[in-house]
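Here are the chains, one letter per residue:
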Amino acid sequence: MGLTTNFTAIGILEEIVVDSEKAIKYLQLATDQGQLWIKISKKLSLRMSNLLKVGSNLELSGKQKYQTKKGQVVQYKASELKIMGIAKGELETVKPKAKVMFCKKSTCWKKGGKSACKALKAELKCRGLNKKVEIQTTGCLKQCKKAPNMVLMPDKTRYSNITNKQVLKLVDKHLLVT
Ligand code: FES
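Residues numbered from 1 in each chain as written. Predicted model: local features only at pLDDT ≥ 70, side-chain atom pairs only at ≥ 80, totals over all residues.

Enquirer: Quick one: what's the story with the domain arrangement of the protein, residue by residue and with numbers?
Expert: Structurally, the protein comprises domain 1 (2-85) and domain 2 (99-175). Between the C-alpha centres of domain 1 and domain 2 there is a distance of 31 Å. (Domains from an automatic or database assignment.)

Enquirer: Can you tell me about the nonpolar core, naming the residues and giving the values?
Expert: Among the nonpolar cores identified, the biggest contains 17 residues, and Val 100, Phe 102, Ala 116, Leu 120, Val 133, Met 150 and Leu 175 are the most heavily contacted of them. Broken down by secondary-structure element, the contributors of at least two residues to this core are β6 (99-103), α2 (106-126), β8 (150-153) and α3 (164-175). In terms of residues, this core owes the most to one element, α2, which gives five residues. Filtering out sequence-adjacent residues up to four positions away, Met 150 remains in contact with Val 100, Met 101, Phe 102, Cys 103, Tyr 159 and Ile 162. Counting residues in hydrophobic clusters, the runner-up holds 13 residues, among them Leu 13, Leu 27, Leu 36 and Tyr 76. (Core = buried A, V, L, I, M, F, W, Y, C linked by C-beta atoms within 7 Å. Buried ≥ 20, exposed ≤ 12 C-beta atoms within 10 Å, placed from the backbone. Helix = DSSP H or I, 4+ residues; strand = E, 2+ residues; numbered from the N terminus. Contact = placed C-beta atoms within 7 Å.)

Enquirer: Account for the sheet that holds strand β7 (residues 134-138), with residues named and values stated.
Expert: Strand order in the open sheet made by the four strands is β7-β6-β8-β9, with mixed pairing throughout. Only two strands of the sheet have a single neighbouring strand rather than two, namely β7 and β9 (157-159). Within this sheet the neighbouring strands show an average axis-to-axis angle of 20°, counted without direction. One ladder, built from three bridges, connects β8 with β9; its direction is antiparallel. Residue pairing across strands places Met 150 opposite Tyr 159, the latter belonging to β9. (Pairing = 2+ DSSP bridges. Axes fitted to C-alpha atoms, helices over the stretch in contact; angles between N-to-C directions.)

Here you go:
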C-alpha cells in the first residue's frame, strides 16, 4: 500500500524532461537532500513551460508517494512552483517606472478587471518580478463600454476588453527591457 503526503523541495534546476509535444514531464532538482526527479502536473507545465531555465533556483511543492513497507518515496508530483532566482544570464530586466494600472470602477472591475489584476500579481510573483513592477488601480478611464480597461507604463499603452491570458503576455511586451 502507498501513502501520500505533502512535500516542498528547494534546489537548482538541473534538467528539464519534455514529451513529444514539448510539455514538461519531469524536472531534475539538486537539493540539500540530493538529486530529485519531480513529476510536473499538466496545469503547471502549461503555465511554466516558457519560464524555466536550467540553473534557476526553484521551490516545488505537491504530493509525495511512499512505499509503506520500505518507507521510500517512490514519486514526487509538483502542483506548485516558485522561481526563487533566475539563472545567471537570464535575469529579466524591467523597464524603469514599469507600472500597470487597472480601472477599478465597478464596470471594469466586475467585468474581469479584478480577475486580470489577480492573475497579473500571481504571474509577477511567480517570476520574481513583483517587487519590480508596480500595480495600481485607477478611476474610470471613460472607456466603460470596452471594460475591462488597463494602462501600462512607462509607454502609457491602453488595453480594453482585456482577458487574463492577454494580461500575462503583456508583461514581456511592455514591462521588460528586451
Ligand atoms: S469603469 Fe472602467 S473605464 Fe469606466
